Amino acid sequence: MWKLGKYTIKGKVVLAPMAGITSAGYRRYLNCFGVDIAVTEMVSDMGLIYENKETETYVKYQKDETLTGVQLFGSKPENLSKAVLKALALNPEIDFFDINMGCPAPKVTKTGAGSALMVDPVICGDIIRAIKQVTDKPVTAKIRLGYNEINFIEVIKQLESAGVDAIAIHARTRKELYSGEPHYDLLKDLRKKMSVPLIVSGNIYTVEDAIRALENSGAEAVMVARGGMGNPFLITQIKTYFETGERLPDPSLLEQCDYCLALARSMILEKGELTAMRIYRTLAPKFFSGFAHSKTLRKMLATSLTTYDSLEKMIAQFKKDNLNT
Ligand SMILES: Cc1cc2nc3c(=O)[nH]c(=O)nc-3n(C[C@H](O)[C@H](O)[C@H](O)COP(=O)(O)O)c2cc1C
């Protein structure tokens, strides 16, 4: 058990923020697999300040049992604290706020936000301080190893002295974007050097990955990001291992079919069929990667998916051909 501000967290699985993916419908479904803490997609501070209707939908989710933080991105302490107040006015039930200090996308960094904040560790602290002045909800930060130079220790120190409640670190630099091996070697015993809980992120695809990342860093939790896309049961496997020591087998093809259809329904409820199925062209094929004879299905899902009915039909045909069901 560990603490995120006033909350007691039992387990070790955080559902990572992923723009364009971890919407309310996605989170609602994955949370059922045993997520301890979830984070929204990143939300623009200026979008909230200017009352952009689309931006507002990101924070107006319904509360569920999993603690959920709203992730904000921005570059100025005063705007981020204003955005926190706007978000709370729209949804007083937000459990905590997370500040994006890791996004490498040029459209974000050119405004001084995301990973560009790490260039100036002092401003990272100022942001946390400003937000803490307007809310008593916990405030976390998600960082990388650094922007150009590796300076995460300096950034962590500034965040801690500003009163941050936990820090998530993606063990890559801005330049590395999302590829290559994350540098867990640089996170060795990091938690011992810190005064607040640590969450580690980068290539968590298996229980073994989670064990290694936690043992090496001493972190309280791991973030499941791409590893959970098309494999929600990974969350249950990690959770179960750390609760009981049991290593659950990987899901069967039949189970993957069910998970794929169930997530689609959750996303359709949230976004409507047209939008959900457009996003699902990216997500659905991932449920079948690694399974024999799934190449044609994956290609069809990626290119021809239009409705829930078409998804069901493609999966039914695949089951008939491969499982005799
Ligand atoms: C499609 C996509 C969108 C992402 N969006 C965000 C985001 O909005 N905020 C954020 O802090 N990190 C974001 N990330 C980074 C993830 O939260 C995570 O730290 C990163 O993918 C490393 O974990 P992985 O290697 O296990 O995927 C995103 C990653 C991906 C792949």
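All values reported here derive from a predicted model rather than from experimental measurement. (Residues numbered from 1 in each chain as written. Predicted model: local features only at pLDDT ≥ 70, side-chain atom pairs only at ≥ 80, totals over all residues.)

1. Points about the domain arrangement of the protein chain
- Each assigned domain of the protein chain is listed here: domain 1 (2-244) and domain 2 (253-323).
- The distance between the C-alpha centroids of domain 1 and domain 2 comes to 29 Å.
- With 10 residues of domain 1 at the contact, the number on the domain 2 side is 12 residues.
- Its residues assigned to classes, the side of domain 1 that touches domain 2 comprises six nonpolar, three polar and one charged. (Domains from an automatic or database assignment. Contact = placed C-beta atoms within 7 Å. Nonpolar A, V, L, I, M, F, W, Y, C, P; charged D, E, K, R; others polar.)

2. Structural notes on the packing of helix α10 (residues 253-271) against helix α11 (residues 273-283)
- Taken N-terminus to C-terminus, the directions of α10 and α11 make an angle of 135°; their axes are 7 Å apart at the nearest point. If you check the angle between α10 and α11, you find them oblique. Relative to α11, α10 is oriented so that their crossing is right-handed. In this structure, α10 uses Ala-264, Met-267, Ile-268 and Lys-271 to contact α11, whose residues at the interface are Glu-273, Thr-275, Ala-276, Ile-279 and Tyr-280.
- A breakdown of the residues in the contact of α10 with α11 according to their chemical character gives six nonpolar, one polar and two charged. (Axes fitted to C-alpha atoms, helices over the stretch in contact; angles between N-to-C directions. Helix = DSSP H or I, 4+ residues; strand = E, 2+ residues; numbered from the N terminus. Parallel < 35°, antiparallel > 145°, perpendicular 65-115°, else oblique. Left-handed = near helix turned anticlockwise from the far one by under 90°.)

3. Re the sheet that holds strand β5 (residues 67-73)
- Strand order in the closed barrel formed by eight strands is β3-β4-β5-β6-β7-β8-β9-β10, with parallel pairing between adjacent strands. Here the strands of the sheet are splayed against their neighbours by 25° on average, with no regard to which way each runs. (Pairing = 2+ DSSP bridges.)

4. Structural notes on α10
- Between its terminal C-alpha atoms α10 stretches 27 Å, which fits the 27 Å expected from 19 residues at 1.5 Å a residue.
- Taken together, the buried positions of α10 are occupied by Gln-256, Cys-257, Cys-260, Leu-263, Ala-264 and Met-267. Projected down its long axis, α10 shows its buried positions confined to an angular sector of 135°, all on one face. Exposed side chains of α10 directed beyond 90 degrees from the buried face belong to Leu-254 and Glu-255.
- Packing partners of the buried residues in α10 comprise α1 (24-31), α11 and α13 (308-323).
- Looking one or two residues beyond α10, the residue adopting positive phi is Gly-272, at roughly 85°. (Expected span 1.5 Å × (residues − 1). Buried ≥ 20, exposed ≤ 12 C-beta atoms within 10 Å, placed from the backbone. Arc of directions from axis to C-beta.)

5. Some details on the environment of Leu-117
- Among the secondary structure elements, Leu-117 is positioned in the loop between α5 (106-109) and α6 (121-134).
- Judged by local crowding, Leu-117 falls into the buried class, with 27 C-beta atoms found within 10 Å.
- As for Leu-117 and Cys-103, which are separated by 14 residues in sequence, their C-alpha atoms are 9.6 Å apart.
- What Leu-117 contacts, discounting residues up to four positions off in sequence, is Ser-75, Met-101, Ile-123 and Cys-124.

6. Regarding unusual backbone geometry
- Even without being a glycine, Glu-51 presents a positive backbone phi close to 55°.
- Here Glu-51 lies in the loop between α2 (45-49) and α3 (53-59).
- Positioned with a positive phi, Asp-189 is a non-glycine residue whose angle comes to about 55°.
- Turning to its location among the elements, Asp-189 is positioned in the loop between β8 (166-170) and β9 (198-201).

7. Focus on the site of the ligand
- Among the 23 residues in the neighbourhood of the ligand, the closest are listed as Ala-16, Met-18, Met-42, Ala-225 and Arg-226.
- Here the shell around the ligand is built from residues that sort into 11 nonpolar, nine polar and three charged. (Near = placed C-beta within 6 Å.)

8. Re the nonpolar core
- Core analysis: the biggest nonpolar cluster contains 92 residues, and Ile-167, Val-200, Val-222, Met-223 and Val-224 have the highest contact counts within it.
- Mapping this core onto the domain boundaries places at least three of its residues in each of domain 1 (2-244) and domain 2 (253-323).
- Residues in contact with Ile-167, not counting those within four places in the same chain, are Thr-140, Ala-141, Ile-143, Ile-156, Leu-159, Val-196 and Leu-198. (Core = buried A, V, L, I, M, F, W, Y, C linked by C-beta atoms within 7 Å.)

9. Here we look at the pairing of β8
- Burial of β8 is extensive: five of the five residues sit out of reach of the surface.
- Of the two faces of β8, both are covered, the one formed by Ala-166, Ala-168 and His-170 as well as the one formed by Ile-167 and Ile-169.
- Strand direction decides the pairing type here: strand β7 (residues 139-143) and β8, joined by four bridges, are parallel. Bridge pairing links Ala-141 to Ile-167 in β8.
- Read from β7 through helix α7 (residues 152-161) to β8, the crossover connection turns out right-handed. (Right-handed = clockwise from strand over helix to strand, strands pointing away.)

10. Considerations on the packing of helix α4 (residues 77-90) against α6
- Closest axis-to-axis distance for the α4/α6 pair is 8 Å, and the angle between their directions is 35°. Note that α4 runs across α6; the crossing there is right-handed. Counted together, Pro-77, Glu-78, Leu-80, Ser-81, Val-84 and Leu-85 of α4 and Asp-126, Ile-127, Ala-130, Ile-131, Gln-133 and Val-134 of α6 form the full contact between these two elements.
- Considered class by class, the residues forming the contact of α4 with α6 number eight nonpolar, two polar and two charged.

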